[in-house]
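# Residue-level structural notes
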Amino acid sequence: KQEVTQIPAALSVPEGENLVLNCSFTDSAIYNLQWFRQDPGKGLTSLLLIQSSQREQTSGRLNASLDKSSGRSTLYIAASQPGDSATYLCAAAGFQKLVFGTGTRLLVSP
Amino acid sequence: KAGVTQTPRYLIKTRGQQVTLSCSPISGHRSVSWYQQTPGQGLQFLFEYFSETQRNKGNFPGRFSGRQFSNSRSEMNVSTLELGDSALYLCASSLAEASGPYEQYFGPGTRLTVT
């Protein structure tokens, strides 16, 4: 049974800092790994998807890496901004479903 | 292209009642999945439909059911509501075919409160 863990559970940083969010999963037999952002009371916004054959993906200030052998993914956010404040979730994709981590709540202070 | 839409956005029901939630996927997407999000359990998979067939089901009681129509729109139903069913119910759609999953796009969710 796939289990996904995210560390840290919460993170508070000043604006401008670079930061790393961690995601680990127990079963390396995944199709892909997806990172999402969730604002309070809202749905999920897809940030990056890394296919199982890929090592990383980049979008703007975001970079996500995937190491299947160690069961880890990281989301790197460069030059953080107050608008980045949200909960970040990673999800490991099985054939027909996503298994989500518990999320990292990020607060970026001006 | 319009995103995933869910109706209603908010719902208040009483214990013992039943409820039906609706999801319209992104045009062209044939796979629809449902997830339940609660503070205690996080996001949990309910079920996934593709071309009107349920392909996978999570570990939820039989009170939770769903269906998908020929236009890919999906509904989920919860019967005999319990207080613990209070949650944000999220629907996601993707281009997923038989060969494996594609990127999933989520709707805004339906907030269900059971009193």
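Anything mentioned here points back to the structure above.
Residues numbered from 1 in each chain as written. Chains lettered and ligands numbered in written order. Predicted model: local features only at pLDDT ≥ 70, side-chain atom pairs only at ≥ 80, totals over all residues. Heavy atoms only, no water.

### Some remarks on the nonpolar core
The condition is simple: Here the nonpolar core consists of buried residues drawn from Ala, Val, Leu, Ile, Met, Phe, Trp, Tyr and Cys, with membership extended through side-chain atoms lying within 4.5 Å. Summary of the burial criterion: residues with accessible area below 20% of their type's maximum are buried, those above 50% are exposed, and those between are partly exposed, where the area comes from a 1.4 Å probe applied to protein chains only. Helix numbering and strand numbering both begin at the N terminus, where a helix is a DSSP run of H or I of at least 4 residues and a strand a DSSP run of E of at least 2.
In this structure, Val4, Leu33, Trp35, Leu75, Ile77, Tyr88 and Leu106 of chain A are the most contacted members of the largest nonpolar core, which totals 24 residues. Those elements giving two or more residues to this core turn out to be β3 (19-25), β4 (32-38), β5 (44-51), β7 (62-67), β8 (72-77), β9 (86-93) and β11 (104-109) of chain A. In this structure, Ile26, Phe60, Met76 and Cys91 of chain B belong to the second largest nonpolar core, which totals 21 residues.

### Quick notes on the interface of chain B and chain A
Here is the rule we go by: Here a residue-residue contact requires only that any non-hydrogen atoms of the pair lie within 4.5 Å. Buried area counts how much accessible surface, traced with a 1.4 Å probe, disappears from two parts once they are put together, with both parts' losses summed. The salt bridge criterion pairs a side-chain nitrogen of Lys or Arg with a carboxyl oxygen of Asp or Glu, the two atoms within 4 Å. Think of a polar contact as two N or O atoms within 3.5 Å of one another; within protein, one of them needs to be a possible hydrogen donor and the other a possible acceptor, and neighboring residues in sequence only count if both atoms come from side chains. Gly falls in the polar group here, along with every residue not listed as nonpolar (Ala, Val, Leu, Ile, Met, Phe, Trp, Tyr, Cys, Pro) or charged (Asp, Glu, Lys, Arg).
Between chain B and chain A, the residue contacts involve 22 residues of the former and 19 residues of the latter. Buried area between chain B and chain A, both sides added, is near 1600 Å², and the carbon and sulfur share of it is 57%. Scanning the region where chain B abuts chain A turns up zero salt bridges. At the boundary of chain B with chain A, the tally comes to four residue pairs in polar contact (both at pLDDT 80 or more). Elements that contribute at least two residues to the side of chain B that touches chain A include exactly β4 (31-38), β5 (42-50), β6 (53-57) and β9 (87-94) of chain B. Split by residue class, the side of chain B that touches chain A holds 10 nonpolar, seven polar and five charged.

### Quick notes on the packing of aromatic side chains
As a reminder of what qualifies: Between rings of Phe, Tyr and Trp, where Trp is taken as its six-membered ring, a pair exists when centres lie within 6.5 Å; planes separated by under 30 degrees are stacked, by over 60 edge-to-face, and by other angles tilted.
According to the stated counting rule, one finds eight aromatic pairs over all chains in the structure shown. Look at Phe36 of chain A and Phe100 of chain A: their rings are 5.7 Å apart centre to centre, the planes differ by 40°, and that puts the pair in the tilted class. Placement of the pair is Phe36 of chain A in strand β4 and Phe100 of chain A in strand β10 (residues 98-100), with a sequence separation of 64 residues. Comparing Phe36 of chain A with Phe100 of chain A shows no difference in burial state: the two are buried. Aromatic pair Phe47 of chain B and Tyr49 of chain B: ring centres 5.7 Å apart, planes at 70°, arrangement edge-to-face. You'll find Phe47 of chain B and Tyr49 of chain B in the same group, each marked buried.

Take it as geometry only, folks, not as evidence of what the structure does.
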